[in-house]
Structure formats: C-alpha cells, structure tokens
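Spelled out from the first residue to the last, the chains are:
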Amino acid sequence: SIARFGDISSSAGDVILRVGANNPLAIDGTISAANRVVFTARGAVSGTGTFSTPQLFLDLGGGGAINVAGSTNLLQLGFAGDTTVRADGSLTLSGTVAGNSRNLTLIADSGNITQTGGSFNSVVALTATAAGNIDLQSEYNGFTSFTGTSTGNGSIKLRGHSFDFAADTGGAVDIRAA
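Just so we're clear, the structure is a prediction, and the values are computed from it rather than from any experiment.

Conventions used here
- Residues numbered from 1 in each chain as written.
- Predicted model: local features only at pLDDT ≥ 70, side-chain atom pairs only at ≥ 80, totals over all residues.
- Heavy atoms only, no water.
- Salt bridge = Lys/Arg side-chain N within 4 Å of Asp/Glu carboxyl O.
- Helix = DSSP H or I, 4+ residues; strand = E, 2+ residues; numbered from the N terminus.
- Buried < 20%, exposed > 50% of the residue type's maximum accessible area, 1.4 Å probe, protein only.
- Polar contact = N/O pair within 3.5 Å; in protein donor to acceptor, adjacent residues only side chain to side chain.
- Contact = heavy atoms within 4.5 Å.

Novice: I keep staring at the pattern of salt bridges and nothing clicks. Help me out?
Specialist: Two side chains carrying opposite charge are able to pair once their charged atoms lie near each other. Within this structure, the stated rule accounts for 5 salt bridges. Taking the shortest distance from any N to any O, the salt bridge between Arg102 and Asp82 comes out at 3.2 Å. With Arg102 in strand E14 (residues 97-108) and Asp82 in the loop between strand E11 (72-79) and strand E12 (83-87), this residue pair connects regions lying 20 residues apart in the sequence. Judged by relative accessible area, which is 33%, Arg102 ranks as partly exposed. Measuring nitrogen to oxygen at the nearest pair gives 3.0 Å for the salt bridge that ties Arg86 to Asp109. On the criterion of sequence distance, the pair formed by Arg86 in strand E12 and Asp109 in the loop between E14 and strand E15 (113-115) is long-range, its members being 23 residues apart. Asp109 gets classed as partly exposed once you look at its relative accessible area, which sits at 36%.

Structure, rendered in structure tokens:
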C-alpha cells in the first residue's frame, strides 16, 4: 500500500490516483494536472501538500483534509468520514457532493464558493467560509445544518430542504428552504 504522495504532475493530461488500501494517506507534495485530477483513497487523507488543477474529482472513503492551490472546480466529492476542502482561491461545485451522513467544511481563503450543478446529499453539518460570496442554490441540496461565513462581507445565498441555518456576513443573505 501507499502511505505518502510527494510531487506528481502532468503538464498535458490528467492525473489519476486510486489508492485501494484502507490505510491513512499523507499528501506532502503538489499533485498537479493541466486538465483534472481524479483522486480516490479509502483511508483518511492528511498532509500539507496541495492539489493544483482546474478540475478535481474526489472520493474519500476515510474523509480527511484536502488543500487546493489556487481555485478549482469540484467535479464530484464523495466522503465517508468528516472532510475539509480548503482552497487558496475559489471553489466551484459542479457535481454531486455525497456525504454519507458525515460533516463537510468548505473554505475559500481568497475567493467564492459557488455551486453550478449537482447537489449536496446526506451531509450532516455543512460549514462554508469564503472571503467572497457563498452561492449554493440547488433546490435539491440536502444537509441537516448549514453555517456560512463571508469574511469579506460577500453575500450568502442558499437553497435546500429541512435544515438549521446560521450566517455571518456584512453582505446580503438569501435563504430558501423547500
């Protein structure tokens, strides 16, 4: 089994990493691709390394912490353990986020968190923190609770069904529950 990833890159294509062993995995380097990274790990993920790619597909059996250099589009995110995805820039979510009754934290240190497709399914507590706007507006979003913070006074827009809500921003708040 693999215990640690260092630097891995492709300047012209995809990087596909599938780790089948149910053991912890540390990412200590930069994993980068010109198009997308597909990353699957059954064990918990940790480390100070980053993903640097315009598109990122994540399937995290054990959950863990994922760091993104710059901004990325999350094509899909599945996790079976509490998970944090932190980007230096913005996070765009264009596919399904499947939480398997676990907690998810999304952080965009200097950008926005935007949902352009898909929905959140079976996420217990969703926490979103962005320097800019938080815009999660699929009417099919399913989570038990949501806490949103815009550190730069951006707007927070949220749609979903049956959830508790808390927000902190100097900007507008628009909440719609089905």
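Novice: In this structure, what is going on with unusual backbone geometry? I would like to understand it.
Specialist: One non-glycine residue, Asn100, lies in positive phi territory at about 45°. Take Asn100: it is sitting in strand E14.

Novice: Hey, could you run me through the side chain of Asn141 in this one?
Specialist: Tracing the sequence through the fold places Asn141 in the loop between strand E17 (134-136) and strand E18 (143-150). Judged by relative accessible area, which is 0%, Asn141 ranks as buried. At 3.0 Å, the side chain of Asn141 and the side chain of Gln115 are in polar contact. Not counting residues up to four positions away in its chain, the partners in contact with Asn141 are Gln115, Ser119, Phe120, Leu136, Arg159, Gly160 and His161.

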